[in-house]
Amino acid sequence: MTRPFGVYIHVPFCASRCGYCDFNTYTPGELGSASSPEEYLVALRRELELAAATGNTRPAESVFIGGGTPSMLGLELARVLDFLRETIGIAAGAEVTTESNPESTSPEFFAALREAGFTRISLGMQSAAPHVLRVLERRHTPGRAIAAAREATAAGFAHVNLDMIYGTPGESDDDVRATLDAILSTEVDHVSAYSLIVEDGTAMARKVRRGEIPTPDEDVLAHRYGLIDRALRDSGFDWYEVSNWARAGGECRHNLGYWRGGEWWGAGPGAHSHLGDSRFFNVKHPARYAKLCAEGRLPVQEAETLSEHDRHVEDVMLGLRLKEGIAAELLGAGGVAVAERYCEQGLLRRVGSRIALTDAGRLLADGIVTDILLGEE
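Residues numbered from 1 in each chain as written. Predicted model: local features only at pLDDT ≥ 70, side-chain atom pairs only at ≥ 80, totals over all residues. Heavy atoms only, no water.

Under an unreviewed UniProt entry, the chain has the name Heme chaperone HemW and belongs to Corynebacterium canis. The UniProt entry for the chain carries this comment under Subcellular location (unreviewed entry): "Cytoplasm". Regarding the chain, the UniProt comment filed under Sequence similarities (unreviewed entry) reads as follows: "Belongs to the anaerobic coproporphyrinogen-III oxidase family. HemW subfamily." (UniProt positions renumbered as here; feature names shortened; annotations may be inferred.)

Written out as structure tokens, the structure reads:
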């Protein structure tokens, strides 16, 4: 009960499927009559009631509604917050975020969400270049994300995030600069920048396999990351996690909860939860999810109990991605020895009693973590 506690709510609906996406989402054509937003909302409320009845939850210090495309629910998102207040509860001063697709938002939408109690908006921009959006199979126009960010700010949101993706085949450095220029023309206080990953089973993976588009180049990705980092830091942002930059006070508290080993209940189809040493995830299909909830059963598909070693691996893996790093005492002697070698190479640094990535080390974070954990075996 001493760890931060949040609630994640998964909205599984999308108007169309982006070519690179492997999230648990469904378009109207894929669902047919098997499920509807209203059926989903009824089931969601029931799951939150069942969650509260377990006695394993407490008022959420952060709430994050993701997907999918939560903004497809429109003003029904206010009902989702009502469900949460009436069941698990929302703590005073909680951060309450929803992801939104720029095309399904408006000034009226943002004003209503602000009034309902949302405190933070996260918008999927990805790129300002039309040809990059076409490769990604994004439906919004390049300027809509910027307009939406300004509308959210005008509605009173002090915390607004824009997501971007870099390394898309056909993208140039100038395309990345144009995206950054557009982002920096707004008053957003948070930027997430993710390198394109071609996930198995996606439309993009099939195109790569057929030779229609090339695989993202690792050297290009590293170069673009540096370009993004310099531009954001020159404009008053600072990195606090490998893929996330914020102005002072703009860090996403919900995601920090994940990275710092917090606990959360994940509600909705396919959502994952983490409570104490228990981790579990829900069934993925909305129709199956709704059926189980209607029967008064938690819609859990699979659960596991984390060992002390499992928790240690996660604490190191996630903690080292943060600028604050990890306490050196978290590592065994073998891990400390590996970390010291990386300090000598300029990839890690000592900050008092903590060990953290250097700027150069961020590009090799996954490999560094792997080597440290292997050194402890």
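Resuming the write-up.
Asks: I tried to follow the packing of helix α2 (residues 37-53) against helix α11 (residues 286-294) on my own but got confused; where do I start?
Replies: Helix packing geometry: the angle between the two helix axes and the distance between the axes. Interaxial distance between α2 and α11 falls to 9 Å at its minimum, and their mutual angle equals 50°. Between α2 and α11, the angle falls in the class oblique. The handedness of the crossing between α2 and α11 is left-handed. Where α2 abuts α11, its residues Y40, A43, L44, R46 and E47 lie against Y289, A290 and C293. Residues belonging to the contact of α2 with α11 are distributed by class as follows: six nonpolar, no polar and two charged. (Axes fitted to C-alpha atoms, helices over the stretch in contact; angles between N-to-C directions. Helix = DSSP H or I, 4+ residues; strand = E, 2+ residues; numbered from the N terminus. Parallel < 35°, antiparallel > 145°, perpendicular 65-115°, else oblique. Left-handed = near helix turned anticlockwise from the far one by under 90°. Contact = heavy atoms within 4.5 Å. Nonpolar A, V, L, I, M, F, W, Y, C, P; charged D, E, K, R; others polar.)

Asks: Even after reading the chapter, I still don't get the sheet that holds strand β15 (residues 354-357), so can you show me in this structure?
Replies: Two pairing modes exist for strands in a sheet, parallel and antiparallel, and in both the strands are linked by backbone hydrogen bonds. The three strands are arranged β13-β15-β14 in an open sheet whose pairing can be described as antiparallel. The sheet terminates laterally at β13 (326-327) and β14 (348-351), the two strands that pair on one side only. The sheet contact formed by β14 and β15 spans four bridges and is antiparallel. Paired with R350 across the strands is I355, a residue of β15. Relative to the sheet, helix α13 (residues 333-344) contacts β14 and β15, its axis offset from that of β14 by approximately 105°. (Pairing = 2+ DSSP bridges.)

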